[in-house]
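Examining the three-dimensional arrangement
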Amino acid sequence: MLLAGLFAGCLFVALVGGDWWWFSRSNASASRYGCPIARAEDTLPVESKWTPASRFDSNGLLSLDHGVVRFFPDERRILLRPQPGQFSSRFRTAWPLKGTITVQEHDGTMHLHCVKLMPWSSALLTLLWFAVVSIGTLAFVVRFLAGDDVFSLGSLLLVLGVTAVGLLVLVFGLVTVSLAYRLEDHRLMQVYQELRAVLAGESLPPQLDVKSDKK
């Protein structure tokens, strides 16, 4: 029994680690990996001399002030990844976000379809945790109401205490997840706005800006 539990624990850690490792990869096959959390669309005017590929280096990379972007020309897809070390707050949460942007050009405009992604393990474990707390609290209340001593003072105090603890745990979890998501979403959207400015021609890519300063 102990060996089975140890094996299950190692397997669980391996699955979570593998999920985060594949989520953090920057190749084309892993760029769309993750649990979709939100979607956004945007349309930009395109100058005739500009193409999405012209904003990136020969490897399809573009370093911004708060993140790194990679363009996959065959898929017409951009991978957007913030780097917390470049923000004033370097706190890492258990719910990191990355973005994949599908690029479509038509009649002088560039249409961007962005999907925000989270590691599957983060999303599933969060949902599982909320489900266990909610179902456990509800099951205790239902079992109590079905008992014979439902109107005794001690039983009422017990069920009220357990229900209050369950609600507090749920509220604390909701606040934690909400604040973490707002932080990660702020980081991702800040990088998105920097990329948007470059794609729209409002600012030069950093590597081109450095060359122009030298001139």
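Okay, so let's go over this structure. (Residues numbered from 1 in each chain as written. Predicted model: local features only at pLDDT ≥ 70, side-chain atom pairs only at ≥ 80, totals over all residues. Heavy atoms only, no water.)

So, on to the nonpolar core. With 26 residues, the main nonpolar core has Val69, Ile78, Leu80, Ile101, Leu112 and Leu195 as its most contacted residues. Of all the elements in the fold, those that place two or more residues in this core are strand 1 (35–45), strand 3 (67–72), strand 4 (77–82), strand 5 (98–106), strand 6 (109–118) and helix 3 (153–199). Looking at which element gives the most residues to this core, the answer is helix 3, with seven residues. Contact partners of Val69, with chain neighbours within four places excluded, come to Phe56, Gly60, Leu61, Leu62, Leu64, Ile78, Leu79, Leu80, Val191 and Leu195. (Core = buried A, V, L, I, M, F, W, Y, C linked by side-chain atoms within 4.5 Å. Buried < 20%, exposed > 50% of the residue type's maximum accessible area, 1.4 Å probe, protein only. Helix = DSSP H or I, 4+ residues; strand = E, 2+ residues; numbered from the N terminus. Contact = heavy atoms within 4.5 Å.)

With that settled, the discussion passes to a nonpolar patch on the surface. A cluster of nonpolar residues, Phe12, Val13, Leu125, Leu128 and Val132, forms a patch on the protein surface that exposes about 470 Å² of accessible area. Elements represented by at least two residues in the nonpolar patch include exactly helix 1 (2–23) and helix 2 (120–145). Looking at which element gives the most residues to the nonpolar patch, the answer is helix 2, with three residues. Summarising the element assignment, Leu128 is placed in helix 2. (Patch = residues over 30% accessible without salt bridge, like charges linked within 9 Å, V, L, I, M, F, W, Y side chains within 5 Å. Areas by Shrake-Rupley, 256 points an atom, 1.4 Å probe, with all protein chains shown as cover. Salt bridge = Lys/Arg side-chain N within 4 Å of Asp/Glu carboxyl O.)

Attention shifts here to unusual backbone geometry. The phi torsion at Arg76 lies on the positive side, around 55°, for a residue other than glycine. Mapped onto the fold, Arg76 is located in the loop between strand 3 and strand 4.

The next thing to look at is the side chain of Ser121. Among the structural elements, Ser121 can be located in helix 2. Within polar-contact distance, the side chain of Ser121 engages the side chain of Asp19 at 2.7 Å. If near-sequence neighbours (up to four positions away) are discounted, Ser121 is found in contact with Val16, Asp19 and Trp20. (Polar contact = N/O pair within 3.5 Å; in protein donor to acceptor, adjacent residues only side chain to side chain.)

In space, the six strands of this open sheet follow the order 1-6-5-4-3-2, with antiparallel pairing throughout. Both edges of this open sheet fall to strand 1 and strand 2 (61–63), since each of them pairs with a single strand only. Strand-to-strand twist in this sheet, taken as the mean axis angle between neighbours without regard to direction, amounts to 20°. With three bridges joining them, strand 2 and strand 3 adopt antiparallel strand pairing. In the strand pairing of strand 3, Leu62 is matched with Val69. (Pairing = 2+ DSSP bridges. Axes fitted to C-alpha atoms, helices over the stretch in contact; angles between N-to-C directions.)

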